[in-house]
Amino acid sequence: MKLLGCSFLCSFFLFISFLFFSFFFKKNFNFQGVCIGLSEVMASAGKSQLLSFMDELIPTIRTALCDSTPEVRESAGLAFSTLYKSAGMQAIDEIVPTLLHSLEDDQTSDTALDGLKQILSVRTTAVLPHILPKLVHLPLTAFNAHALGALAEVAGPGLNFHLGIVLPALLSAMSDDDTDVQKLAKKAAETVVLVIDEEGVEGLISELLKGVGDNQASIRRSSSYLIGYFFKNSKLYLVDEAPNMITTLIVLLSDSDSATVAVAWEALSRVTNSVPKEVLPSYIKIVRDAVSTSRDKERRKKKGGPVLIPGFCLPKALQPLLPVFLQGLISGSAELREQAAQGLGELIEVTSEQALKEFVIPITGPLIRIIGDRFPWQVKSAILSTLSIIIRKGGIALKPFLPQLQTTFIKCLQDNTRTVRSSAALALGKLSALSTRVDPLVGDLLSSLQVSDGGVREAILTALKGVLQHAGKSVSVAVRTRVYVLLKDFVHHDDDQVRNSAASILGILSQYMEDGQLSDLLQELSSLDSSLSWSARHGSILTISSMLRHSPSSICTSPVFPSVVYCLKDNLKDEKFPVRETSTKALGRLLLHRVQSDPSNTAAHLDVLSPMVSALQDDSSEVRRRALSALKAVAKANPSALMTHITIFGPALAECLKDGNTPVRLAAERCALHAFQLTKGTENVQAAQKFITGLDARRLSKFPEHSDDSEDNEDDPTSG
């Protein structure tokens, strides 16, 4: 046995020596066969025997791994694997660094890279940790980026545990100033995301999410691109990961960097396209939440005005998310259809009108079909609300649907549910602005009004008000006269809603009345008999107030104007507070018109201001609050005109700041801020201390000037 062992050892030594000299002196024979033979001999040798010849084996395999012939390098890789079984880390430590060093030499880099690929293909787990740190060193070179991509193909799922090292380097290099580095890093990153298996998905998603949240826009951009690329091209099942990605990308649509927004939008489209159609409705809630988050993020950047998400202002803006809502609308449960309709409305609100145009028809058709079916009122209400938004933002693009929409809304006016009726009424009013033939619509509404009662009558009146408000100019004189005759009696109706709506409609009609008709109506309204019911008195004042909103100039030049002013002042003493409150509102509108149209006529201002000051001291908190709201609106419109009379209203306003009623006190604070001009300098703060304490003056001066809206919001549909 000793003789056999010595014989094998001698044969092994001779073979190794032969190989060593063959490689280094380039003898002309088959190197591939040599490597295969070496691999077989090493496999047969014992560990101690191999270790005795390491000085000869390692240079031989190292040289073969860099050979110019691919077949030799491949066989050398197998020889390395055999050597590693016995030599372990010594094989790696003495071969891999030399190959890595050869990567830096232009003449040897390509063969060295292939040599690394060969040993990586047979010993991925052992070799990879030694290769990657060298290659990911920043700034990444074009060759290193190429090497990472090439090695990733070989490493495959072996990269699962090294994504935290590889991806950050590639994400950074994808926006490098050198275009070659950019292209190669992008290609390498694409390779990396596609070679991982199911076990690597969580780690990959984690790294990409880190990138999306990075401070550098270029990293966010690169990460977004890779998310889209991954979901589009991967063969893995990614439906469970899609919700998280969709949420992240929607929020990124309000990114401050426009290029990132565009890339995130494209990625979002790729993610949603990768999800089976039947799964999409289950994402409705997460999409709505994400849109809300993105909207809030954008709102914080702005100071008032409509909030639009930049990603939904791009061409084809709604394409990624529209299938989510339409699929839910068409095939979901009643509850899901309601959420889908609401979500569509929310999405359209944050979409620009230009971007919305091409989607108006694909959205409106399904909405009309669904509302015509027998679904619960919640579904109908949600659809009507969304249709109203589309009418407001879609405009003329809705023209093909005008007849269907009008029929749908009129039908919904007869619905059993108040919410549906109210929504349909408001939508019908907005729709009329797009119609060229309004007379038939008004005629139908008047006919229905005469045979209806209760909630249906209220809805028809609301619709009629909306139609006249949005398309009153298109209504013929004859039809307007029909409206006038019928509605004049309704202003004295016992029902509060009917009375309010009728007064609002007459106010709108006053814009189109002849002078004689206007004066006759004013005369009739201002000649109140004390024996009339309080609702009749209230209706007359409501109508005058509405007319002062829509036609203040015509009223002020009417021969019966003095009677109108006297009527309003006199009704400030009415026993019923709704009458006093409405008179206060009307006087406020009159004063607002006068300070705007004739700012220098202080006598005329004082004539109206004085009774309003008395309203500040009314027994009813509603009347006091209405007076404060009216004064605030005047102060915001023309502060200098009101400041002229500071001694008139100052003491009463100061008392309201101490009011025991919280809503009145809060209204007084907002009124004082504007009436005393407390944000316009310390001299105004000091001047206000003639009426209010220095503590209050300084406290109020710190309020944001534009943080409130007037309580008397003239754009409010419910406002007369």
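Worth saying up front: this structure is predicted, and the values here are computed from it rather than measured.

Colleague: Sorry if this is basic, but what is going on with the overall build of the protein chain here?
Modeller: Each helix and strand in the protein chain was counted, giving 39 helices and zero strands. Expressed as a percentage of its 720 residues, the buried residues of the protein chain come to 53%. Taken as a whole, the protein chain presents about 32100 Å² of accessible surface, with 52% of it coming from carbon and sulfur.

Colleague: What is the right way to look at helix α13 (residues 217-233) in this model?
Modeller: Helical geometry: 3.6 residues make up each α-helical turn, so side chains three or four residues apart lie on a common side. If you check α13, its first and last C-alpha atoms are 24 Å apart, about what 17 residues at 1.5 Å a residue would give, namely 24 Å. Of all the 17 residues making up α13, 13 are buried; the element is thus mostly covered by neighbouring parts of the structure.

Colleague: Got a minute to help me understand the packing of aromatic side chains in this structure?
Modeller: What describes a pair of aromatic rings is the distance from one ring centre to the other and the angle between the planes of the rings. Scanning the entire structure with this criterion turns up four aromatic pairs. Centre to centre, the rings of Phe649 and Phe676 are 6.2 Å apart; their planes meet at 25°, and the pair counts as stacked. Placement of Phe649 in helix α36 (residues 646-656) and of Phe676 in the loop between α37 (662-675) and α38 (682-688) is noted, with a sequence separation of 27 residues between them. The same class applies to Phe649 and to Phe676, which are both buried. Centre to centre, the rings of Phe676 and Phe691 are 6.0 Å apart; their planes meet at 5°, and the pair counts as stacked. Separated by 15 residues along the polypeptide, Phe676 in the loop between α37 and α38 and Phe691 in the loop between α38 and α39 (694-701) bring together distant segments of the chain. Classification of Phe691 as partly exposed rests on a relative accessible area of 21%. Three or more aromatic residues joined by ring pairs form one cluster here, namely Phe649, Phe676 and Phe691. Positioned over the ring face of Tyr225 is Lys186, at 4.6 Å from the centre of the ring.

Colleague: Explain the packing of helix α12 (residues 198-212) against α13 to me, please; I cannot follow it from the model alone.
Modeller: When two helices pack together, their arrangement is captured by the angle between the axes and the distance separating the axes. Look at α12 against α13: their axes get within 7 Å of each other, and the N-to-C directions meet at 145°. As α12 runs across α13, the sense of the crossing is left-handed. Note on element contacts: α13 touches α12 through Ile219, Arg220, Ser223, Ser224, Leu226, Ile227, Phe230 and Phe231, opposite Val201, Leu204, Ile205, Leu208, Gly211 and Val212.

Colleague: Sorry if this is basic, but what is going on with the nonpolar core here?
Modeller: Looking at soluble globular proteins, one finds that nonpolar side chains tend to be buried together. Phe230, Phe312, Ile363 and Leu487 are the most contacted members of the largest nonpolar core, which has 197 residues in total. Considering every element that reaches this core, the biggest residue donor is helix α25 (residues 454-471), with nine residues.

Colleague: I would appreciate a short explanation of unusual backbone geometry in the present structure.
Modeller: In this model, Leu138 is joined to Pro139 through a cis peptide bond whose omega is -5°. Here Pro139 lies in the loop between α8 (124-135) and α9 (142-155). Located in the positive-phi region is Lys316, a residue other than glycine, with phi close to 55°. Mapped onto the elements of the fold, Lys316 is located in the loop between α16 (284-299) and α17 (322-331). In this structure Lys316 comes out as partly exposed when scored by relative accessible area, which is 39%. Phi is positive for Gln677, which is not a glycine, with a value near 55°. Relative to the helices and strands, Gln677 resides in the loop between α37 and α38.

Colleague: Sorry if this is basic, but what is going on with the packing of helix α34 (residues 621-637) against α37 here?
Modeller: Running from N to C, α34 and α37 cross one another at 20°; their axes reach a closest spacing of 9 Å. Classified by the angle between their axes, α34 and α37 sit roughly parallel to one another. The interaxial crossing formed by α34 with α37 has left-handed handedness. In contact with Ser621, Arg624, Arg625, Leu628, Leu631, Lys632, Ala635 and Lys636 of α34, α37 contributes Pro663, Val664, Ala667, Ala668, Arg670, Cys671, His674 and Ala675. Each residue belonging to the contact of α34 with α37 can be placed in one class, and the counts come to nine nonpolar, two polar and five charged.

Colleague: How do you make sense of helix α21 (residues 377-394) when you look at a structure like this?
Modeller: For α21, with 18 residues, the first-to-last C-alpha span of 25 Å sits near the 26 Å given by 1.5 Å per residue. α21 sits mainly inside the fold: 14 of its 18 residues count as buried. Once α21 finishes, Gly395 follows within two positions and takes phi at roughly 55°, a positive value.

Colleague: Explain the pattern of salt bridges here, please?
Modeller: Between side chains of opposite charge, pairing is possible as soon as their charged atoms come close. Inspection of the entire model under this criterion finds 24 salt bridges. A salt bridge links Lys488 to Glu524; its shortest N-O distance comes to 3.5 Å. Highlighted residues: Lys488 in helix α26 (residues 477-490) and Glu524 in helix α28 (residues 515-526), separated in sequence by 36 residues. When its relative accessible area of 24% is taken as the criterion, Lys488 is described as partly exposed. In this structure, the salt-bridge partner of Arg625 is Glu622, at a minimum N-O distance of 3.7 Å.

Colleague: Quick question: what am I supposed to make of the environment of Glu346 here?
Modeller: In this fold, Glu346 is placed in helix α18 (residues 334-349). Sequence-wise, Glu346 and Arg288 are 58 residues apart; in three dimensions their C-alpha atoms are separated by 7.6 Å. Contacts of Glu346, omitting those with residues within four sequence positions, involve Arg288 and Val291.

Colleague: Before we go on, may I ask you to explain the environment of Leu506 in this structure?
Modeller: Its location among the elements puts Leu506 in helix α27 (residues 496-509). Leu506 sits in the buried class, given a relative accessible area of 0%. Through-space distance from the C-alpha of Leu506 to that of Tyr484 is 6.8 Å; in sequence the pair is 22 residues apart. Other than its neighbours up to four places away in sequence, Leu506 contacts Tyr484, Leu487, Lys488, Val491, Met513, Thr543 and Met547.

Colleague: Would you explain the side chain of His538 in this entry?
Modeller: For His538, the position within the fold is in helix α29 (residues 534-550). Every residue in contact with His538, bar those within four places of it in the chain, is listed here: Arg499, Pro578, Val579 and Thr582.

Colleague: Can you help me understand the environment of Val279 in this one?
Modeller: The topology assignment puts Val279 in the loop between α15 (258-273) and α16. For Val279, a relative accessible area of 22% gives the class partly exposed. Sequence spacing of Val279 and Val324 is 45 residues, and the spatial spacing of their C-alpha atoms is 8.7 Å.

Colleague: I would appreciate a short explanation of the confidence of the model for the protein chain in the present structure.
Modeller: Reading fine detail from the predicted coordinates is not recommended where pLDDT is low. For the protein chain, per-residue confidence averages 84 on the pLDDT scale, and 80% of positions sit at 70 or higher. This model gives residues 1-29 a pLDDT under 50, and the stretch forms 41 contacts once residues within four places in sequence are excluded.

What counts as what
- Residues numbered from 1 in each chain as written.
- Predicted model: local features only at pLDDT ≥ 70, side-chain atom pairs only at ≥ 80, totals over all residues.
- Heavy atoms only, no water.
- Helix = DSSP H or I, 4+ residues; strand = E, 2+ residues; numbered from the N terminus.
- Buried < 20%, exposed > 50% of the residue type's maximum accessible area, 1.4 Å probe, protein only.
- Areas by Shrake-Rupley, 256 points an atom, 1.4 Å probe, with all protein chains shown as cover.
- Expected span 1.5 Å × (residues − 1).
- Phe/Tyr/Trp six-rings, centres within 6.5 Å; stacked < 30°, edge-to-face > 60°.
- Lys NZ or Arg CZ within 6 Å of the ring centre and 35° of its normal.
- Axes fitted to C-alpha atoms, helices over the stretch in contact; angles between N-to-C directions.
- Left-handed = near helix turned anticlockwise from the far one by under 90°.
- Contact = heavy atoms within 4.5 Å.
- Core = buried A, V, L, I, M, F, W, Y, C linked by side-chain atoms within 4.5 Å.
- Parallel < 35°, antiparallel > 145°, perpendicular 65-115°, else oblique.
- Nonpolar A, V, L, I, M, F, W, Y, C, P; charged D, E, K, R; others polar.
- Salt bridge = Lys/Arg side-chain N within 4 Å of Asp/Glu carboxyl O.
- pLDDT = per-residue confidence, 0-100.

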